[in-house]
Amino acid sequence: FAVSAQKASAQVMLPLQVAPARQELQVDPGQKTAINLRFMNTGDAPVSGFLRVADFIVDNETGTPRLLEGADQPSPRFAASHWVTLPFDRMSIAANDQVVVQANVQVPLDSRPGGRYIAIYFEPATDEVTDNASSEEKKTAISAKLAALTYFRVAGPVTEKALISTLFAPTFQEHGPLSVQADILNRGDYHITPFGSITIRNMMGGLVDQKRLKDVNIFPDAGRSFSDTLGHKWMIGKYKVTVLAAYGTTGQV
């Protein structure tokens with residue numbers, strides 16, 4: 001599950017869980033479907049709060065989702081929160097109990113093929129807040145968000161395009177090992193999980209070291225950094241670093 005902390009008067013850690021924390025749904029334009037979630041309270045006291053839906057993007061190299069609310073506007077290419085209808089906007093989870101949520105989804109007929117990304121989240125209120133409370137009081141009464149992420153893939157032809165935007169290593173150093181960083185940028189319509197490696201070879205083409213890339217998602221219009229240390233202390237001469245990765249459903253490289 002994803003929890004994003006906000007500025008609060010008193011930070012409170014609540015024993016909450018959501019399942020499934022992440023799911024991928026293949027949908028067709030015009031299709032009706034549903035998202036089923038379970039919000040669980042493993043603590044000894046009831047928790048009340050708000051149920052909401054928002055688009056999210058991943059615009060950082062750590063892969064942390066950022067919910068788009070208020071003035072933040074997602075690209076229409078990847079937004080789908082307006083497809084979702086929640087059964088209620090407030091709920092209370094009893095101690096050692098759970099609440100089952102079924103959100104209805106209506107995919108528009110003119111939906112563009114590719115990925116859409118939303119989060120259905122529970123925002124627990126840590127203080128009693130009345131409807132007449134000031135905006136600042138309401139803000140400080142919220143401490144965290146417990147989010148379940150949904151990836152929609154709208155059926156149809158999609159663009160799969162990724163590139164290595166940066167490959168960096170020191171051009172000279174007295175001894176090894178060598179620190180290497182590679183940035184992979186996704187310019188396609190759906191998130192990808194590159195599978196590959198970083199390799200270092202000596203002047204004769206002999207393999208010195210190889211490290212596998214981490215299995216992480218790279219969302220559309222976002223990049224991820226992959227860094228590792230290759231080789232050993234006693235290295236002499238010139239070396240060549242190569243990054244090779246496959247991605248997408250058709251085995252692009």
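Given the structure is predicted, the values throughout are model-derived calculations rather than measurements.

Asker: Looking at this structure, I do not really get the pairing of strand S11 (residues 146-154). What am I missing?
Answerer: Taking burial as the measure, the nine residues of S11 include nine buried ones, the bulk of the element. On S11, burial covers both faces: Leu146, Ala148, Thr150, Phe152 and Val154 on one face and Ala147, Leu149, Tyr151 and Arg153 on the other are all buried. Bridge count between strand S3 (residues 22-27) and S11: six bridges; the pairing is parallel. Following the sheet pairing, glutamate 24 is matched in S11 by tyrosine 151. In terms of strand pairing, strand S10 (residues 114-124) meets S11 through nine bridges, oriented antiparallel. Within S11, the position partnered with isoleucine 118 by the bridge is threonine 150.

Asker: I would appreciate a short explanation of the packing of aromatic side chains in the present structure.
Answerer: To describe a pair of aromatic rings, you give the distance between the ring centres and the angle between the ring planes. Under the criterion given, the structure shown has nine aromatic pairs. The interplanar angle of 75° and the centroid separation of 5.1 Å between the aromatic rings of tyrosine 117 and phenylalanine 219 together place this pair among those described as edge-to-face. Highlighted residues: tyrosine 117 in strand S10 and phenylalanine 219 in the loop between strand S15 (207-212) and strand S16 (222-230), separated in sequence by 102 residues. An aromatic cluster of three or more residues is present, and its members are Phe56, Tyr117, Tyr151, Tyr190 and Phe219. Cation over ring: arginine 153 sits above tyrosine 190, and NZ or CZ is 4.6 Å from the ring centre.

Asker: Got a minute to help me understand the confidence of the model for the chain in this structure?
Answerer: In this model, the chain carries a mean pLDDT of 87, and residues with pLDDT of at least 70 account for 85%. For residues 136-142, every residue scores under 50 in pLDDT, and the model assigns this stretch 23 contacts once sequence neighbours within four places are set aside.

Asker: Would you mind going over the nonpolar core with me for this structure?
Answerer: For soluble globular proteins, nonpolar side chains are generally found buried alongside one another. Ile35, Phe39, Trp83, Met91, Ile120 and Phe152 are the most contacted members of the largest nonpolar core, which has 26 residues in total. Of all elements in the fold, only strand S2 (16-19), S3, strand S4 (32-41), strand S5 (47-57), strand S8 (90-93), strand S9 (97-106), S10 and S11 reach the threshold of two or more residues within this core. When residues no more than four places from it in sequence are discounted, the contact partners of isoleucine 35 are Gln23, Leu25, Val101, Gln102, Ala103, Val105, Ile118, Ile120, Thr150 and Phe152. Core analysis: the next-biggest nonpolar cluster, separate from the first, contains 17 residues, Val180, Ala182, Ile198 and Ala245 among them.

Asker: Sorry if this is basic, but what is going on with the pairing of S15 here?
Answerer: Each regular strand displays side chains that alternate between the two surfaces of the sheet. Pairing between strand S14 (residues 195-201) and S15: five bridges, direction antiparallel. Looking at the pairing, isoleucine 200 lines up with aspartate 209 of S15. Taking the residues that link successive antiparallel strands as the turn, the S14-S15 hairpin has five residues, and the phi of glycine 205 there is positive, at about 85°.

Asker: I'm lost on the sheet that holds strand S13 (residues 178-186) in this one. Help?
Answerer: Across a sheet, strands are paired by hydrogen bonds formed along the backbone, either parallel or antiparallel in direction. Here three strands make up an open sheet; going across it, the order is S12-S13-S16 and the pairing antiparallel. Pairing within the sheet leaves two strands with one partner each, and these edge strands are strand S12 (162-168) and S16. The sheet shows a mean angle of 20° between the axes of neighbouring strands, taken without regard to direction. Sheet analysis places S12 next to S13, joined by six bridges and oriented antiparallel. Residue pairing for S13: leucine 167 is matched across the bridge by alanine 182.

About the criteria used
- Residues numbered from 1 in each chain as written.
- Predicted model: local features only at pLDDT ≥ 70, side-chain atom pairs only at ≥ 80, totals over all residues.
- Heavy atoms only, no water.
- Buried < 20%, exposed > 50% of the residue type's maximum accessible area, 1.4 Å probe, protein only.
- Helix = DSSP H or I, 4+ residues; strand = E, 2+ residues; numbered from the N terminus.
- Pairing = 2+ DSSP bridges.
- Phe/Tyr/Trp six-rings, centres within 6.5 Å; stacked < 30°, edge-to-face > 60°.
- Lys NZ or Arg CZ within 6 Å of the ring centre and 35° of its normal.
- pLDDT = per-residue confidence, 0-100.
- Contact = heavy atoms within 4.5 Å.
- Core = buried A, V, L, I, M, F, W, Y, C linked by side-chain atoms within 4.5 Å.
- Axes fitted to C-alpha atoms, helices over the stretch in contact; angles between N-to-C directions.

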